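Here are the chains, one letter per residue:
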Amino acid sequence: MNMRRYLLLLAAGLVLLTACSATKDDRLESSVGLLDISSAPASSSSSTPARGCPRDYLASLRPEGPLPSPTNIPPNTFMDFIRHRGYLIVGVDQNTKLLGYYNPDTTQYEGFDIDIANEIAKAIFGADWPNRVRYRALLTTQRIPAVKAEKVDIVADAFTVNCDRTNYVDFSNVYFMGHQRILVRKDSKAEIKNQEDLRGKPVCVTSGGTALANLKKKLPYAIPDIVGARTDCLVALQLGKVDGILTDDAILYGFLAQDPHTQLLDGDLSDEPYGLAIAKSHPEFVRFVNAVLEQMHTDGRWTTIWKNWFGNVEIGGSSAKVPVQPRACYKEDRCVAP
Amino acid sequence: MREGEYPIKESLSALARRLRTTPGQMRFASATTALMTIVVSVAAIAVLHTRHDATQSLASVAQPSLVHASNAYANFSDADATASIAFLTGDLDLLYRRDRYISDLSKATAELAAISQTSGERSEIEPSILVINQNLPTYTGLVDTARSNNRQGFPVGAAYLRQASETMRTTILPAVLSIYRAEAGKLGVAYDSGRSQTGPLFLLVIAAALILFMIGVQFWLAGRTHRMLNLGWLAATMVTAVVAIAVGLVITSNTDGLQSARKRGSDTTAELSAARILALRAQADESLALIARGSGTSFAQDIEEVAKRLRNDNRSGIAWQVQSTLRDLDRDAYAKALGAELAAFLQEHKEIVDHENAGQFREAIEQTSQGEVPHLDLAVRVLDNEITESQRRFTAAITSASFDAPAVYFGVTLGAVLICASIGVGIYPRLREYR
């Protein structure tokens, strides 16, 4: 009788205690779990294997008559669309000194490629052009996808015209002939005097560009070190992670300007004909751009722009000479790549 | 050998014979009660000791270490974000920014030193500390190189800063995060051992058994001795009950205190810290994406992932959880402020991405550096403040959970002595009646 009451009390106590201890929540663990973020690396689009290459892949489309004035742009063309939209979107690099970079001091885009693109904007918008250009920064690997998806109207970014790329985008006439070369540290002169000295040494190349293929072809004995952005190569060279950089001379001039303790090795490794890339759906825009380029060549603007950027570059003690201007080459003329 | 077995059998049967007599039974009952009292007392002290230890280590090691780790992360992150924003707006030499960068770094190292000091035996975080110590000079070196390049207008400065941030994000911050995780794990273990109910339950059962046994003995005594009450045994039972209730109260208040310390203090601190870590990461991503100038895709991807976890408009987002926690703690105003700032940041982020995608880099930068205090900074300030608050709540709760262990042990021991003495005093006169 008494016993039963005690047992009941005991049982009640037990139930109470277990009830108290049952509230286990894991806000601590769940909040810690939220901090696991494995960020996926930026995916790079690798180009598909080259298809058959026409011999005239360097040839572009002939302009239709003389360049129309900005107020006279033919209706229903892509230039007309850009004019009505109010701005031209240019794909550029923001880190390549002398070619295309964002200057934080002036908050302006500057460089040879930028000036070329600005000439296109001038031809579309006239005197009002400075407020009508939008620059979109692109990685080397992002250029073709951006043009194909029409995220940019045109790419002006040391873009070498090669056979494979003409399968995806159209190019203007060649507006600059670059050559790939190798930049090394001056202190490494003792060891690295020529390309042969790079045997077994790491050489930096940018992914998505033509340099990797050139390195494999011309310096198969060097070890490629592939980076995402062009300037990463200069960092790698300055930090001693690589012994050389292989890329276009125009880009290397910009590196030279940022680091006097570097120098170019003798010898061109390749020709890099630069073109402005445009989506395949706008052949009339390609013709228009070619008309602008032709005009720039005839009235001397091209030379002025070149001198403005590369006139002071010193290579081996003497300043660079104005290169021979690339000759216009059109499919209609059955122009064949050199 | 046969002789050897004989005395044992003999003494066993002698014992059995004695137990059949009333005084033998009285002696047996008294001895059993005394033994049970000692067992219950030792168990009580053991349970109390476990609790005391857990409470102490929570108060002086686990929780402070968690906060130190969280602060170290916040300071390192802020240093990186400060360097990046200053870089982006071209004012790396503005004293305010530079000072903040430097003070962030020294605060972060001080927090890490505090963790190392809190306890000597922490081999599991030593590798992480080593990683931080090895990479911090690399980081500051890269930031300084970036700075000098940027001052000369060299775009390679951006590449250096990106490398610096890469070092911060792939080596230093993950190491701090792993320290944070280790400390959070230890905190969880300390709470689990402190809140375990197995010991108290066992204690309750044996204490109840003791009291029942004592009551049973008194009924039996009443029958045998024809006396209604045995005062000694009655007193012993009451002392047992009093000690049991007192120990029960101590354990209950300790449990309540720990529960409240965890719920209102530690869990809230952890949530707020997680929100702060994510917010700071988003902030760094934002400016780095712009600094990378086109090579910022990975940062842009990261910020989308971080933003998803940071959101306050769905249950899985940490901000949503933090807001609901703050509301539960009657801090609605702060929950609202936090929500508003985070929403404003996410909106701003969207605009920046839109600008960037439309090729309006300058506008994107202006958007980033707009105003003296960015929204995310304000959100982080709310979080800082709330972490301090939950730290205060933790201290209050853990103080209420703490008890004066030596005094309680003494009380239990004294109780045991009193119980044994009382049953002795109670049974002795009854035994004499059989002489």
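Residues numbered from 1 in each chain as written. Chains lettered and ligands numbered in written order. Predicted model: local features only at pLDDT ≥ 70, side-chain atom pairs only at ≥ 80, totals over all residues. Heavy atoms only, no water.

Undergrad: Even after reading the chapter, I still don't get the overall build of chain B, so can you show me in this structure?
TA: Each helix and strand in chain B was counted, giving 13 helices and zero strands. For chain B, the proportion of its 435 residues judged to be buried stands at 53%. The contacts of chain B with a sequence gap of at least 6 include a subset with a gap of at least 24, amounting to 80%. With an accessible surface of roughly 19,300 Å², chain B has 61% of that area assigned to carbon and sulfur atoms. (Helix = DSSP H or I, 4+ residues; strand = E, 2+ residues; numbered from the N terminus. Buried < 20%, exposed > 50% of the residue type's maximum accessible area, 1.4 Å probe, protein only. Contact = heavy atoms within 4.5 Å. Areas by Shrake-Rupley, 256 points an atom, 1.4 Å probe, with all protein chains shown as cover.)

Undergrad: Explain the overall build of chain A here, please?
TA: Across its full length, chain A holds ten helices and 16 strands. Within the span of chain A, comprising 338 residues, buried residues form 52% of the whole. Long-range contacts, defined here as pairs at least 24 residues apart, represent 74% of the contacts in chain A between residues at least 6 apart. Counting every atom, chain A has about 15,700 Å² of accessible surface; 54% of that belongs to carbon and sulfur.

Undergrad: Mind showing me how you'd approach the state of the cysteines here?
TA: A covalent bond between the sulfur atoms of two cysteines is what we call a disulfide. Residues and elements named next belong to chain A. Taken as a whole and assessed by the stated rule, the structure comprises one disulfide over all chains. Paired through a disulfide, Cys-204 and Cys-233 show a sulfur-sulfur distance of 2.1 Å. Sign of the S-S torsion, about -85 degrees for the bond between Cys-204 and Cys-233, identifies this disulfide as left-handed. Linking Cys-204 in strand β9 (residues 202-206) with Cys-233 in helix α7 (residues 230-238), this pair joins segments that are 29 residues apart in sequence. (Disulfide = S-S within 2.5 Å.)

Undergrad: Mind showing me how you'd approach the nonpolar core here?
TA: One recurring pattern in soluble globular proteins is that nonpolar side chains are buried together. One finds Leu-88, Phe-112, Phe-285 and Phe-310 of chain A together with Phe-76 and Tyr-139 of chain B to be the most contacted residues of the largest nonpolar core, which totals 142 residues. Considering each element in turn, this core owes the most residues, 17 residues, to helix α5 (residues 156-195) of chain B. Residue contacts for Phe-285 of chain A: discarding those within four places in its chain leaves Phe-78, Met-79, Ile-82, Leu-88, Ile-120, Ile-124, Asp-153, Ile-154 and Ile-278 of chain A. Ranked by size, the runner-up nonpolar core spans 29 residues in total, among them Leu-203, Ile-206, Met-214 and Trp-233 of chain B. (Core = buried A, V, L, I, M, F, W, Y, C linked by side-chain atoms within 4.5 Å.)

Undergrad: Explain the pattern of salt bridges here, please?
TA: Two side chains with opposite charge may pair up if their charged atoms get near one another. Residues and elements named next belong to chain A. On inspection of all chains with the given rule, the structure shows 27 salt bridges over all chains. Measuring nitrogen to oxygen at the nearest pair gives 2.3 Å for the salt bridge that ties Arg-301 to Glu-119. Of this pair, Arg-301 sits in helix α10 (residues 301-310) while Glu-119 sits in helix α4 (residues 112-125); the two residues are 182 residues apart in sequence, bridging distant segments of the chain. Overall, Arg-301 belongs to the partly exposed group, its relative accessible area being 24%. Counted as one network, the salt bridges with shared partners bring together Asp-93, Arg-143, Asp-157 and Arg-230. (Salt bridge = Lys/Arg side-chain N within 4 Å of Asp/Glu carboxyl O.)

Undergrad: How should the packing of α4 of chain A against α10 of chain A be read in this particular structure?
TA: For any two helices packed against each other, the geometry is given by the interaxial angle and the distance between the axes. All names here are of chain A. Between α4 and α10, whose axes approach to 9 Å, the crossing angle comes to 155 degrees. In terms of their interaxial angle, α4 and α10 are classed as roughly antiparallel. With respect to the hand of their crossing, α4 and α10 are arranged in right-handed fashion. Counting all contacts with α4, which are made through Phe-112, Asp-115, Ile-116 and Glu-119, the residues of α10 involved are Arg-301, Trp-302, Ile-305, Trp-306, Asn-308, Trp-309 and Phe-310. The residue makeup of the contact of α4 with α10, split by class, is seven nonpolar, one polar and three charged. (Axes fitted to C-alpha atoms, helices over the stretch in contact; angles between N-to-C directions. Parallel < 35°, antiparallel > 145°, perpendicular 65-115°, else oblique. Left-handed = near helix turned anticlockwise from the far one by under 90°. Nonpolar A, V, L, I, M, F, W, Y, C, P; charged D, E, K, R; others polar.)

Undergrad: Got a minute to help me understand the packing of aromatic side chains in this structure?
TA: Aromatic ring pairs are described here by two measures, namely the spacing of the ring centres and the angle between the planes. Residue and element names in this part refer to chain A. Evaluated as defined, the whole model comprises 15 aromatic pairs over all chains. Residues Phe-112 and Phe-310 carry aromatic rings whose centres are separated by 5.6 Å and whose planes lie at 55 degrees to one another, so their mutual orientation is tilted. Of this pair, Phe-112 sits in helix α4 while Phe-310 is found in helix α10, placing the two residues 198 residues apart along the sequence. Pair check on accessibility: Phe-112 and Phe-310 agree, each one buried. Between Tyr-253 and Phe-310, the ring centres sit 5.9 Å apart and the planes meet at 65 degrees, which makes this aromatic pair edge-to-face. (Phe/Tyr/Trp six-rings, centres within 6.5 Å; stacked < 30°, edge-to-face > 60°.)

Undergrad: Can you walk me through the sheet that holds strand β3 (residues 100-103) of chain A in this structure?
TA: What links the strands of a sheet is backbone hydrogen bonding, and the strands pair in either a parallel or an antiparallel sense. Taken together, the three strands give an open sheet; going across it, the order is β2-β3-β4 (chain A), and neighbouring strands pair in antiparallel fashion. Each edge of the open sheet is held by one strand with a lone partner, namely β2 (95-96) and β4 (108-110) of chain A. (Pairing = 2+ DSSP bridges.)

Undergrad: Please explain the pairing of strand β5 (residues 133-137) of chain A as it appears in this structure.
TA: Within a regular beta strand, the side chains point alternately toward one face of the sheet and then the other, so they alternate between its two faces. Residues and elements named next belong to chain A. Most of β5 sits inside the fold, with five of its five residues counted as buried. The alternating pattern of β5 places Val-133, Tyr-135 and Ala-137 on one face and Arg-134 and Arg-136 on the opposite face, and all of these are buried. The sheet contact formed by strand β1 (residues 88-92) and β5 spans five bridges and is parallel. Within β5, the residue paired with Ile-89 across the bridge is Arg-134.

Undergrad: Sorry if this is basic, but what is going on with helix α9 (residues 283-298) of chain A here?
TA: Along an α-helix, residues three or four apart share an orientation, since each turn contains 3.6 residues. Residue and element names in this part refer to chain A. With 16 residues, α9 extends 23 Å between its outermost C-alpha atoms, agreeing within 8% with the 22 Å of an ideal straight helix rising 1.5 Å per residue. Among all positions of α9, only Phe-285, Val-286, Arg-287, Phe-288, Val-289, Asn-290, Ala-291, Val-292, Leu-293 and Met-296 are buried. At the C-terminal side of α9, Gly-300 shows a positive phi close to 85 degrees. (Expected span 1.5 Å × (residues − 1).)

Undergrad: When you look at the packing of helix α3 (residues 78-85) of chain A against α9 of chain A in this model, what are you seeing that I'm missing?
TA: All names here are of chain A. Between α3 and α9, the least distance of the axes is 8 Å, while the angle of their chain directions is 85 degrees. Relative to α9, the element α3 is oriented roughly perpendicular. Facing Phe-78, Met-79 and Ile-82 of α3, the residues of α9 in contact are Glu-284, Phe-285 and Phe-288. Partitioning the contact of α3 with α9 into residue classes produces five nonpolar, no polar and one charged.

Undergrad: Looking at this structure, how should I read the environment of Leu-278 of chain B?
TA: Residue and element names in this part refer to chain B. Mapped onto the elements, Leu-278 comes out in helix α7 (residues 231-292). For Leu-278, a relative accessible area of 1% puts it in the buried group. Between the C-alpha atoms of Leu-278 and Thr-198, which are 80 residues apart in sequence, the distance is 38 Å.

Undergrad: Help me out: how do you make sense of the confidence of the model for chain B in this one?
TA: Detailed reading of predicted coordinates is not advised where the pLDDT is low. Residue and element names in this part refer to chain B. Here chain B averages 84 in pLDDT, and 88% of its residues register 70 or above. Mean pLDDT in chain B bottoms out at helix α11 (residues 361-368), which sits at 66, and peaks at helix α13 (residues 405-432), which reaches 93. Predicted complex metrics record ipTM = 0.76 and pTM = 0.77. (pLDDT = per-residue confidence, 0-100.)

Undergrad: Sorry, what's going on with the side chain of Asn-149 of chain B here?
TA: Considering the arrangement of structural elements, one finds Asn-149 of chain B in helix α4 (residues 126-151). With residues up to four places along the chain from it excluded, the contact list for Asn-149 of chain B reads Phe-154, Val-156, Gly-157 and Tyr-160 of chain B.

Undergrad: What is the right way to read the confidence of the model for chain A from this model?
TA: Summing up the model confidence of chain A, the mean pLDDT is 83 and the portion of residues at 70 or higher is 86%. Taken together, the stretch residues 39-50 of chain A has pLDDT below 50 and engages in 15 contacts with residues farther than four places along the chain or on a different chain.

Undergrad: Any chance you could explain unusual backbone geometry here in plain terms?
TA: The phi angle of most residues is negative, glycine excepted, and most peptide bonds adopt the trans form. Residue and element names in this part refer to chain A. You will see that Glu-150, though not glycine, has its phi angle at about 55 degrees, which is positive. You can see Glu-150 is positioned in the loop between α5 (143-148) and β6 (154-155). Positioned with a positive phi, Ala-158 is a non-glycine residue whose angle comes to about 45 degrees. Along the chain, the position of Ala-158 falls in the loop between β6 and β7 (170-171).

Undergrad: In this structure, what is going on with a nonpolar patch on the surface? I would like to understand it.
TA: Residues and elements named next belong to chain B. A surface patch of nonpolar side chains, amounting to about 490 Å² of accessible area, comprises Ile-8, Leu-12, Leu-15, Leu-19 and Phe-28. The element contributing the most residues to the nonpolar patch is helix α1 (residues 2-19), with four residues. Structurally, the position occupied by Leu-15 is in helix α1. Judged by its relative accessible area of 48%, Leu-15 is partly exposed. (Patch = residues over 30% accessible without salt bridge, like charges linked within 9 Å, V, L, I, M, F, W, Y side chains within 5 Å.)

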